Amino acid sequence: MEQEPRSDTGGTAELPPGCTWVDDPRAEHLRDYFALTDVALRRVVEPERGLFMAESDKVIRRALSTGHRLRSLLMTPRWVHEWPDLLASAREHAAPVYVAAPQVAEAMTGFHLHRGVLAAMHRPEPLPLEQVLAGARRVAVLEDIVDHTNVGAVFRSAAALGVDAVLVTPRCADPLYRRAVRVSMGTVFQVPWTRIDPWPAGVATLQEIGFTVAALALAKDAVTLEDLEREPPDRLALVLGTEGDGLARDTVRAADVVVRIPMGGGVDSLNVAAASAVAFWAVRPHN
Ligand SMILES: C[S@@+](CC[C@H](N)C(=O)[O-])C[C@H]1O[C@@H](n2cnc3c(N)ncnc32)[C@H](O)[C@@H]1O
């Protein structure tokens, strides 16, 4: 069990310079950290206020190493001497470092801070589509994916399996939501991404740029993934559908090709993140 100073004993004496002890979990200047488990609230307030959250020292380091900017850090006392590099980054970014006892941090955020540190980061402006697609040969399009875990897992596979960019449709869950960031292992900071809007009209945009658009769907008249693998186009956009209903009919209609991963064992479909990993690996460029 981790030993932490109690908030009512202060603890400020042992804090490194630049850290601020926090006793009031409702103090207005800490509002970036309020109610982090309220997904409906956070998905609105984070883009609105221009922030996103990163948790764990590793994910925060990854965000910093890819040029993202700190707004502030929240730590529990046990960890303030463990990560001098994070404190140095906070100084560099003129970002406050708040230190709170675990029970105060929990009252503020809604969960136990077992990773010891949370960062509020400035949300970057969305990248222009042309910039994200420049030079890309393999692109994943996530149509209306609801679950942040799936979004994070697709990014992780994309980073590992040679996908150059990810596009998310207007209603797709936010890749910078805390859970997506965590599940992606910080690869949402590494793989260039942006929203493609409007959609499915964006299928035509991708085709004009020179992409063959492949809809991953369970249609009976679809070609198999092996067929696509045999003659992969130079520039390929793989479109993955939402968890419940799969791809919209208009998307399937507009695509150049519909691709199916053959299923066995009486299973009708894969989880979307699993399907993405299989497809990314099959169509990875070999030169
Ligand atoms: C859980 S599936 C949705 C299943 C949905 N009932 C349907 O009929 O498409 C989510 C997404 O994963 C992809 N997917 C899953 N299994 C697939 C398979 N066997 N072949 C091609 N795509 C698949 C598709 O893009 C699909 O839209």
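Quick caveat: nothing in here was measured; it's all calculated off a predicted structure.

1. A word on the overall build of the protein
Item 1. On a plain count of helices and strands, the protein comes out with 11 helices and 12 strands.
Item 2. Each principal axis of the C-alpha atoms in the protein carries an extent, and together these give about 70 × 40 × 30 Å.
Item 3. The burial tally for the protein puts 51% of its 287 residues in the buried class.
Item 4. Residue pairs at least 24 apart in sequence account for 79% of intrachain contacts in the protein once pairs closer than 6 positions are excluded.
Item 5. Working note: accessible area of the protein is about 13,500 Å², and carbon and sulfur atoms make up 52% of it.
Item 6. Side chains of the protein carry 30 positive and 37 negative charges; the gap between the two charge centres is 2 Å.

2. Concerning the sheet that holds strand β7 (residues 165–168)
Item 1. A sheet is described by the order of its strands in space; here 7 strands give the open sequence β8-β7-β6-β11-β9-β12-β10, paired in parallel fashion. The open sheet is flanked by β8 (193–195) and β10 (223–224), the only strands paired with a single partner.
Item 2. Across 3 bridges, the pairing between β7 and β8 is parallel. Bridging from a neighbouring strand, leucine 167 pairs with threonine 194 of β8.
Item 3. The strands that helix α11 (residues 272–282) touches are β6 (138–142), β9 (212–216) and β11 (236–240); relative to β11, the one it contacts most, it runs at about 160 degrees.

3. Focus: a nonpolar patch on the surface
Item 1. Side chains of Met263, Val267, Leu270 and Val278 sit close together on the surface and give an oily, nonpolar patch of about 280 Å² of accessible area.
Item 2. With respect to the helices and strands, valine 278 occurs in helix α11.
Item 3. By relative accessible area, which is 36% here, valine 278 ends up partly exposed.

4. Description of the domain arrangement of the protein
Item 1. When the domains of the protein are assigned, the result is domain 1 (19–122) and domain 2 (129–283).
Item 2. On the side of domain 2, 12 residues touch domain 1, which itself brings 17 residues to the contact.
Item 3. Taken together, both faces of the contact between domain 1 and domain 2 bury some 1,300 Å²; the carbon and sulfur share is 60%.
Item 4. Here domain 1 is connected to domain 2 by 6 residue pairs in polar contact (both at pLDDT 80 or more).
Item 5. Every element with two or more residues in the side of domain 1 that touches domain 2 is listed here: α1 (39–49), β2 (51–55) and α2 (57–65).
Item 6. Ranked by residue count, the leading element in the side of domain 1 that touches domain 2 is α1, at 4 residues.

5. Some words on the site of the ligand
Item 1. Within the structure, the ligand sits among 19 residues, and Leu216, Leu218, Gly241, Ile261 and Leu270 are positioned closest to it.
Item 2. Measuring from an oxygen atom of the ligand, one finds a backbone N or O atom of glycine 241 at 3.0 Å.
Item 3. Within the contact set of the ligand, a nitrogen atom lies 2.9 Å away from a backbone nitrogen or oxygen of leucine 270.
Item 4. Bound to the protein, the ligand loses 87% of the 560 Å² it would expose on its own.
Item 5. Among the secondary structure elements, those contributing two or more residues to the shell around the ligand are β12 (257–260) and α11.

6. Things to note about the pattern of salt bridges
Item 1. Summed over all chains, the structure comprises 13 salt bridges.
Item 2. Linking arginine 137 and aspartate 234 is a salt bridge whose minimum nitrogen-to-oxygen distance equals 3.3 Å. Separated by 97 residues along the polypeptide, arginine 137 in the loop between α5 (129–133) and β6 and aspartate 234 in the loop between α9 (225–230) and β11 bring together distant segments of the chain.
Item 3. The class of aspartate 234 is partly exposed, set by a relative accessible area of 48%.
Item 4. Residues joined by salt bridges that share partners form a network here, namely Asp32, Arg49 and Arg71.

7. Side note on the confidence of the model for the protein
Item 1. When the pLDDT values of the protein are averaged, the result is 93; 95% of them are 70 or greater.
Item 2. Taken together, the stretch residues 1–10 has pLDDT below 50 and engages in 18 contacts with residues farther than four places along the chain or on a different chain.

8. As for the sheet that holds β2
Item 1. The strand order across the open sheet formed by 5 strands is β1-β4-β3-β5-β2, and the pairing between neighbours is mixed. Either end of the sheet is taken by a strand with one partner, and the two such strands are β1 (19–22) and β2. Pairs of neighbouring strands in the sheet enclose a mean axial angle of 25 degrees, with direction left out of account.
Item 2. Strand direction decides the pairing type here: strand β3 (residues 70–75) and strand β5 (residues 117–122), joined by 5 bridges, are antiparallel. Note on β5: the bridge partner recorded for serine 72 is alanine 120.
Item 3. Across the sheet, α1 is in contact with β2 and β3; its angle to β2 comes to roughly 115 degrees.
Item 4. Where α2 meets the sheet, it contacts β2, β3 and β5, and its direction lies at approximately 25 degrees from that of β5.

9. Observations regarding the side chain of serine 56
Item 1. Of note, serine 56 is situated in the loop between β2 and α2.
Item 2. Looking at serine 56, the relative accessible area reads 9%, which means it is buried.
Item 3. Engagement of the side chain of serine 56 in a polar contact is seen with the backbone nitrogen of valine 59, the distance being 3.2 Å.
Item 4. In contact with serine 56, not counting residues within four places along its chain, are Arg115 and Val117.

Here is what the cut-offs are and how they apply
- Residues numbered from 1 in each chain as written.
- Predicted model: local features only at pLDDT ≥ 70, side-chain atom pairs only at ≥ 80, totals over all residues.
- Heavy atoms only, no water.
- Helix = DSSP H or I, 4+ residues; strand = E, 2+ residues; numbered from the N terminus.
- Buried < 20%, exposed > 50% of the residue type's maximum accessible area, 1.4 Å probe, protein only.
- Contact = heavy atoms within 4.5 Å.
- Areas by Shrake-Rupley, 256 points an atom, 1.4 Å probe, with all protein chains shown as cover.
- Lys, Arg positive; Asp, Glu negative; His and termini not counted.
- Charge placed at Lys NZ, Arg CZ, Asp CG, Glu CD.
- Pairing = 2+ DSSP bridges.
- Axes fitted to C-alpha atoms, helices over the stretch in contact; angles between N-to-C directions.
- Patch = residues over 30% accessible without salt bridge, like charges linked within 9 Å, V, L, I, M, F, W, Y side chains within 5 Å.
- Salt bridge = Lys/Arg side-chain N within 4 Å of Asp/Glu carboxyl O.
- Domains from an automatic or database assignment.
- Buried area = accessible area lost by both parts, 1.4 Å probe.
- Polar contact = N/O pair within 3.5 Å; in protein donor to acceptor, adjacent residues only side chain to side chain.
- Near = heavy atom within 4 Å.
- pLDDT = per-residue confidence, 0-100.

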